[in-house]
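Letter by letter, the chains look like this.
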Amino acid sequence: MELYSSSHLHNYVFCDGIREMRRLSALLFLLLAGSAFAGEYTAKEVPIEPPRQKRWEVMVETAQMMNIDNNPNRYYFSTQMVSLAWQPFPVLHLGPVNIRTQILSTFYAAAILRGPETFYFGWGPQIRFIIPLGETRWSLYGGAGCGMGGADAHQSNRDDRGLGQEFTFILLANGGIRYAITRDLSVWGGFMWHHLSNANMSTKVKRNTGPDEIGPVVGMGYAF
């Protein structure tokens, strides 16, 4: 009876050990599978575009604008811009293309290095579209805007082809390529066009010249 009891106890312990080993094996398999899945997930490149909750971005840009029309003044603007951008809408998905839309409030300060005027200060809203290139750090961007401002315009000479009056309007468009250094910090470069006009509001002896300029622009932005 004692030998039978020992044998029975031995078989019980042996079977119980097998069950425990099966449980440990199953747990180990789940852990390894989870680790492999996590490794595969983290190995993929994560889109670097700012997450949805970062709707605001502070931007600084500089542009060197050269005259492209037949204005004899051959205007040259060295323009600095500071903008506060807001992303009010969700990302628009058009098939494989994703589009982020920003609304900018932009302040302009330009030194007019060639022309009858010497400076221009202004403000205006813009709209900008950002299109990420796949799941990379690169994006295309483009936008346009309008605004108003003031310059030290001269009205004494009706033939100087200047701005005509201190208060002027501005139209602009820009576009280029953008690179996300981190999810917060981005840089970009491209080209910008702008048109200045007094909208025929100056005195009758001063015509509305409306010079056009185009030039390279570079910028940096911080999203928060």
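Residues numbered from 1 in each chain as written. Predicted model: local features only at pLDDT ≥ 70, side-chain atom pairs only at ≥ 80, totals over all residues. Heavy atoms only, no water.

Draft legend 1. Geometry of the nonpolar core. Membership of the largest hydrophobic core comes to 23 residues, with the highest contact counts inside it found for F77 and Y120. Taken together, the elements giving at least two residues each to this core come down to β1 (56–67), β2 (76–86), β4 (97–114), β5 (119–132), β6 (138–151), β7 (167–180) and β8 (185–197). With four residues, β4 is the largest single contributor of residues to this core. (Core = buried A, V, L, I, M, F, W, Y, C linked by side-chain atoms within 4.5 Å. Buried < 20%, exposed > 50% of the residue type's maximum accessible area, 1.4 Å probe, protein only. Helix = DSSP H or I, 4+ residues; strand = E, 2+ residues; numbered from the N terminus.)

Draft legend 2. Fine view of the packing of aromatic side chains. Tallied over the entire structure, the rule returns six aromatic pairs. Judged by centre distance (4.7 Å) and plane angle (55°), the ring pair of W138 and Y179 falls under tilted. Of this pair, W138 sits in strand β6 while Y179 sits in strand β7, and the two are 41 residues apart along the sequence. For Y179, a relative accessible area of 29% translates into the label partly exposed. Between F167 and F169, the aromatic rings sit 5.0 Å apart at their centres with planes inclined by 80°, giving edge-to-face as the arrangement. (Phe/Tyr/Trp six-rings, centres within 6.5 Å; stacked < 30°, edge-to-face > 60°.)

Draft legend 3. Focus on the pairing of strand β9 (residues 212–223). The pairing of β1 with β9 spans nine bridges and is classified as antiparallel. For M66, the partnering residue across the bridge sits in β9 and is I214. Bridging between β8 and β9 involves eleven bridges; their strand directions are antiparallel. Looking at the pairing, L185 lines up with Y222 of β9. (Pairing = 2+ DSSP bridges.)

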